[in-house]
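Coordinate inspection notes
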Amino acid sequence: MRKQPPNSDEIDIAVPVVVGGRRGRVAVLVVDAAFAAVLDTVTLVRTEVAQELRERLIAARIAMGEVAIRTLSEVAGLWIVVRCFGKSWTMLNPFRNAIIAGAFSGMGPAAQDSRPDVLFIAVDDLNDWVGVLGGHPQARTPHIDALARRGTLFTNAHCTAPGCAPSRASLLTGVRPSTSGVYSNDHDWRECEELRGAVTLPMHFKQSGYRTIGAGKIFHGHTLSTAAMTGHSQPEAWHDYFPSLTQQLPEDLKPKGWPVRTTSTMYGGLFDWSPMAIRDDEMADGQVVAWAETALAADRAAGDPPMFLAVGIYRPHVPWYVPQEYFDRFPLDEVRLPKTGVDDLGDIPDAGRERTFDHWHEWIVENGEWHRAVQGYLASIAFADAMVGRLMRALDASPRAENTVVVLWGDHGYHVGEKRHWEKFALWEDTTHVPVIVIDPRQAGRAGQVCREPVSLLDLYPTLLGLCGLEAPPQALEGKSLEPQLADPEKDSARCAVTTHGMGNHAVRGDRYRYIRYRDGSEELYDHEQDPHEWRNVADDPELAAVKESLAEWLPKVDAPPMGDGDQRK
């Protein structure tokens, strides 16, 4: 068999084919130049069968056998003539040098693909202020807590970068920021030379025969400007997307006269917080979730491919504008500020202090807004939790519930005044610690597990490949599958989680300690057993030299130069 098409109109490859459940002699398919859809059929292939064929395109290795295929250039695209002999069908994509293959069951309809559906839930800017993680005593997240009771909760999970763009690019390609050079929110992974040829997680599912659909923020994007609502999306990775294949985020509603509590110097007035007299469904997230509810309600008919549904919930990303009822859950006079240390920045090197939003903190405190800001963040988390609840109710009411893997993750942590810092963009625990929950309904007997091993968002790509029976993508994945921990949450992961913030700045999180080394060689070390809030930097303690040395072994061996001088802070 030839591995690639020769430079002629005659191509011989090996293919057995059956069309529409009937054995045929010859079928002619017309496909467009991008090989994206079957446009027409001739001979024994009816229009509805062509549509069925189009929906069954599955990436596979080149098949073996003997049959003649003739290609002729036509106005509509490429004619492919296939002689039919067997019980499966295959089509050649001469532009990608690959065989796209699927299977029909015997002489009748296609067999049901037994691979599970996937519900992939991303929550933006959500730190550990989640009930089951205990990050704040007033956090109310009953739906996320219930989700944890259905699967495995990873209590020591960390992002690979403390910013939306580098974190998401890393998770969705499986490549570390220090390997790719995607460090900043202004770094567009699609233009990164190191990621050329990398297949993203949704694209890999699509090429593996899944129907990939999504809504909301999955790749980087934000609503601080209209142009940014498109973000660093990958339209070709999806069969369908809301609000569109080229726009990730619906427009956000804002109160009149914003900013309400802050000034225009903070993200143009969109680092702000205020209740609004609106319904959940009027929120952009409400629209995203309503669209996803409809997708979940659709029955998976016999022969339908499995579904990969990604839903990006934008809150608690700023601005913290959510319906009044969520603010009402946290009366202002009862709001508790996060715990902070006295002179918490006193023992931190300049490289760490320079990354804080200390000037924002001074303004917020001087203007009496700290309690209101915490109220806004708690209210926005409660709203996001309500959106998760809606998604899970829709899944539970659907026929897909018993065969859907669910993954919930936050893209990075968040500071709300700890260490005089706001937002993300740092290497401390409050910035890197994220919720990660994985549910495999086929392991119902293991529901409610808690894994305390250090894990990374990098691990989600290989984990989903394993749970869904997919082969590896062409790029080397730098995470490790969490399947051993799903089977035994106490199994030692024998590793640490690494977070990178700009070239040469890294944090290593182990079972007990966090070690930070900046590009200039300065260090921080925190003992979480004695100091869970990271108030005392013990990097200079000679008795802990061996601990530092052990953690330093996990520092990346490659520090790729950055794509550009992009602003980290968005």
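Quick notes on the rules
Residues numbered from 1 in each chain as written. Predicted model: local features only at pLDDT ≥ 70, side-chain atom pairs only at ≥ 80, totals over all residues. Heavy atoms only, no water. Helix = DSSP H or I, 4+ residues; strand = E, 2+ residues; numbered from the N terminus. Buried < 20%, exposed > 50% of the residue type's maximum accessible area, 1.4 Å probe, protein only. Contact = heavy atoms within 4.5 Å. Areas by Shrake-Rupley, 256 points an atom, 1.4 Å probe, with all protein chains shown as cover. Phe/Tyr/Trp six-rings, centres within 6.5 Å; stacked < 30°, edge-to-face > 60°. Lys NZ or Arg CZ within 6 Å of the ring centre and 35° of its normal. Pairing = 2+ DSSP bridges. Axes fitted to C-alpha atoms, helices over the stretch in contact; angles between N-to-C directions. Core = buried A, V, L, I, M, F, W, Y, C linked by side-chain atoms within 4.5 Å. Polar contact = N/O pair within 3.5 Å; in protein donor to acceptor, adjacent residues only side chain to side chain. Arc of directions from axis to C-beta. Salt bridge = Lys/Arg side-chain N within 4 Å of Asp/Glu carboxyl O.

Things to note about the overall build of the protein
Scanning the protein from terminus to terminus reveals 14 helices and 25 strands. Looking at the protein residue by residue over its 570 residues, the buried ones come to 57%. Sequence-distant contacts in the protein: of pairs separated by 6 or more residues, those separated by 24 or more amount to 73%. When the accessible surface of the protein is totalled, it reaches about 22800 Å², and 49% of it is carbon and sulfur.

Regarding the packing of aromatic side chains
Aromatic ring pairs are described here by two measures, namely the spacing of the ring centres and the angle between the planes. With the rule as written, the count across this model stands at 22 aromatic pairs. Seen from their ring centres, Phe271 and Trp320 are 5.9 Å apart, and the 55 degrees between their planes marks the pair as tilted. Of the two residues, Phe271 is situated in the loop between β12 (240-242) and β13 (273-276) and Trp320 in strand β15 (residues 320-323); the sequence distance between them amounts to 49 residues. Among the residues examined, Phe271 registers a relative accessible area of 0% and is labelled buried. Considering the side-chain rings of Phe357 and Phe425, the 6.3 Å spacing of their centres and the 15 degrees angle between planes classify their relative orientation as stacked. Of the two residues, Phe357 is situated in the loop between α8 (350-353) and α9 (358-366) and Phe425 in the loop between β18 (422-423) and α11 (429-432); the sequence distance between them amounts to 68 residues. For the pair Phe357 and Phe425, one class covers both residues: buried. Clustering of aromatic rings is evident, with ring pairs tying together Trp129, Tyr267, Phe271, Trp273, Trp320, Phe357, Trp360, Tyr377, Tyr414, Trp422 and Phe425. It is Arg140 that lies over the ring of Phe330; its NZ or CZ is 5.4 Å from the centre. Lying over the aromatic face of Trp428, Lys419 brings its terminal NZ or CZ to 5.4 Å of the ring centre.

Quick notes on the sheet that holds strand β22 (residues 497-500)
Reading across the sheet, the 4 strands line up as β22-β23-β24-β25 and stay open at both edges, with antiparallel pairing between neighbours. For this open sheet the edge positions go to β22 and β25 (523-527), each flanked by a neighbour on one side alone. Going from strand to strand, the sheet's axes swing by 15 degrees on average, the running direction of each strand aside. Two strands pair when backbone bridges link them, and β22 and strand β23 (residues 506-509) are joined in this way by 4 bridges, in the antiparallel orientation. Residue pairing in the sheet places Val498 in a bridge with Val508 of β23. Seen against the sheet, helix α14 (residues 545-552) touches β23, β24 (513-517) and β25 and runs at an angle of roughly 70 degrees to β24.

Comments concerning the nonpolar core
With 68 residues, the main nonpolar core has Phe271, Leu309 and Trp422 as its most contacted residues. Here the element with the most residues in this core is helix α10 (residues 370-396); it accounts for 17 residues. Those residues in contact with Phe271 that sit more than four places away from it in its chain are Thr262, Met266, Val318, Trp360, Ile364, Tyr414, Trp422 and Glu423. Counting 45 residues, the second largest nonpolar core, distinct from the first, contains Val405, Val407, Trp409 and Cys451.

Quick notes on the side chain of Thr262
With respect to the helices and strands, Thr262 occurs in the loop between β12 and β13. Judged by relative accessible area, which is 10%, Thr262 ranks as buried. In this structure the side chain of Thr262 is engaged in a polar contact, spanning 2.7 Å, whose partner is the backbone oxygen of Phe271. Excluding residues within four positions of it along the chain, Thr262 makes contact with Gly269, Phe271, Asp272, Trp273 and Trp363.

Focus: the pairing of strand β14 (residues 307-313)
The buried count for β14 comes to 7 of 7 residues, which makes it a mostly enclosed element. Burial of the side chains of β14 extends over both faces: Met307, Leu309, Val311 and Ile313 are buried on one face and Phe308, Ala310 and Gly312 on the other. Pairing between strand β11 (residues 211-216) and β14: 6 bridges, direction parallel. For Ile213, the partnering residue across the bridge sits in β14 and is Leu309.

A look at the pairing of strand β9 (residues 117-123)
Of all the 7 residues making up β9, 7 are buried; the element is thus mostly covered by neighbouring parts of the structure. Of the two faces of β9, both are covered, the one formed by Asp117, Leu119, Ile121 and Val123 as well as the one formed by Val118, Phe120 and Ala122. By the bridge criterion, 7 bridges tie β9 to strand β16 (residues 404-410) in an arrangement that is parallel. Bridge assignment links Ala122 to a residue of β16, and that residue is Trp409. For β9 and β14, the ladder comprises 6 bridges, and the chain directions are parallel. Bridging from a neighbouring strand, Leu119 pairs with Leu309 of β14.

Overview of the side chain of Thr356
The residue Thr356 is located in the loop between α8 and α9 in this model. When its relative accessible area of 7% is taken as the criterion, Thr356 is described as buried. At 2.9 Å, the side chain of Thr356 forms a polar contact with the backbone oxygen of Arg353.

A few points about α14
Among the residues of α14, Lys548, Leu551 and Ala552 are the ones counted as buried. The buried side chains of α14 occupy one side of the element, clustering within an arc of 100 degrees when seen end-on. More than 90 degrees from the buried face of α14, the exposed residues found are Ala546 and Glu549.

What about the pattern of salt bridges?
Tallying each qualifying case throughout the model produces 29 salt bridges. Between Asp124 and Arg168 there is a salt bridge whose closest N-O contact spans 3.7 Å. Within this pair, whereas Asp124 is found in the loop between β9 and α2 (142-150), its partner Arg168 is found in helix α3 (residues 164-173), the two being separated by 44 residues in sequence. Each member of the pair, Asp124 together with Arg168, is buried. One salt bridge in this structure joins Arg509 and Glu429, with 2.9 Å as the shortest N-O distance. Placement of Arg509 in strand β23 and of Glu429 in helix α11 is noted, with a sequence separation of 80 residues between them. Like Arg509, the residue Glu429 is buried in the burial classification.

A short note on helix α12 (residues 460-468)
Turn by turn, an α-helix covers 3.6 residues, leaving residues three or four places apart pointing in a common direction. Among the 9 residues that make up α12, 8 are buried, leaving the element largely enclosed by the rest of the structure. Buried within α12 we find Leu460, Tyr461, Pro462, Thr463, Leu464, Leu465, Leu467 and Cys468. Downstream of α12 by one or two residues, Gly469 has phi in the positive range, about 70 degrees.

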